[in-house]
Amino acid sequence: MKDALVDWDDPDDADGNTAHIAEHGLMPEEVESVLLDPFASHDTSGATGRPVVFGTTNTGRYIMVVYEVLNLHDPLIVRPITAYEVPEPI
């Protein structure tokens, strides 16, 4: 997803995705660094069926990002739903 566009809500929207990841102590730049990392690990959420990506942020934290694809065509647009720190796999 190296060239994807990332859809964020206004940080002042208490119900938006920017505010939601902030509740987990993350900044949009950290989430984007994992979403756009070509070496990140992709999977599907067992709980929601949405795509997820695992990786290390630009600040060194290992996180999981749950997202949805808004546009598969050029440009690829993805929208983070939630993101939070998880243990690194061994």
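Let me begin by describing the structure that accompanies this report. Everything numeric here is computed off the predicted structure, so don't read it as measured data.

### Quick look at helix α2 (residues 28-35)
Okay, so step 1: Within the sequence span of α2, burial applies to P28, E30, V31, V34 and L35. The arc that holds the buried residues of α2, viewed along the axis, is 165°, so those residues lie on one side.
Okay, so step 2: Against β1 (5-6), α1 (17-23), β3 (51-56), β4 (62-71) and β5 (77-85) lie the buried residues of α2.

### Brief notes about the side chain of S45
Okay, so step 1: Position of S45 among the secondary structure elements: in the loop between β2 (41-44) and β3.
Okay, so step 2: A distance of 3.2 Å separates a polar side-chain atom of S45 from the backbone nitrogen of A47.
Okay, so step 3: Within the local environment of S45, its side chain forms a polar contact with the backbone nitrogen of T48, the two atoms lying 3.1 Å apart.
Okay, so step 4: If sequence neighbours within four positions are ignored, S45 has contacts with R50 and V52.

### A few points about the sheet that holds β5
Okay, so step 1: Across the sheet, which stays open at both edges, the five strands sit in the order β1-β5-β4-β3-β2 with mixed pairing between neighbours. Among the strands making up the open sheet, the edge pair consists of β1 and β2.
Okay, so step 2: Relative to β5, β4 is paired through eight bridges, and the arrangement is antiparallel. Each residue of the ladder has a partner; that of N71, found in β5, is I77.
Okay, so step 3: Along the sheet face, α2 touches β1, β3, β4 and β5 and points at about 75° away from the line of β4.

### Description of the pattern of salt bridges
Okay, so step 1: Within the structure shown, the criterion is met by four salt bridges.
Okay, so step 2: D7 is the salt-bridge partner of R79, the closest N and O atoms lying 2.8 Å from each other. Note that R79 is positioned in strand β5 and D7 in the loop between β1 and α1, a separation of 72 residues in sequence.
Okay, so step 3: According to the relative accessible area criterion, R79 is buried, its value standing at 17%.
Okay, so step 4: Exposure remark for D7: the relative accessible area of 28% places this residue in the partly exposed category.
Okay, so step 5: Between E30 and R61 there is a salt bridge, with the nearest N and O atoms lying 3.5 Å from each other. Here the residue E30 occupies a position in helix α2, and R61 occupies one in the loop between β3 and β4, the gap between them amounting to 31 residues.
Okay, so step 6: Residues joined by salt bridges that share partners form a network here, namely D7, D9 and R79.

Definitions and limits used
Residues numbered from 1 in each chain as written. Predicted model: local features only at pLDDT ≥ 70, side-chain atom pairs only at ≥ 80, totals over all residues. Heavy atoms only, no water. Buried < 20%, exposed > 50% of the residue type's maximum accessible area, 1.4 Å probe, protein only. Helix = DSSP H or I, 4+ residues; strand = E, 2+ residues; numbered from the N terminus. Arc of directions from axis to C-beta. Contact = heavy atoms within 4.5 Å. Polar contact = N/O pair within 3.5 Å; in protein donor to acceptor, adjacent residues only side chain to side chain. Pairing = 2+ DSSP bridges. Axes fitted to C-alpha atoms, helices over the stretch in contact; angles between N-to-C directions. Salt bridge = Lys/Arg side-chain N within 4 Å of Asp/Glu carboxyl O.

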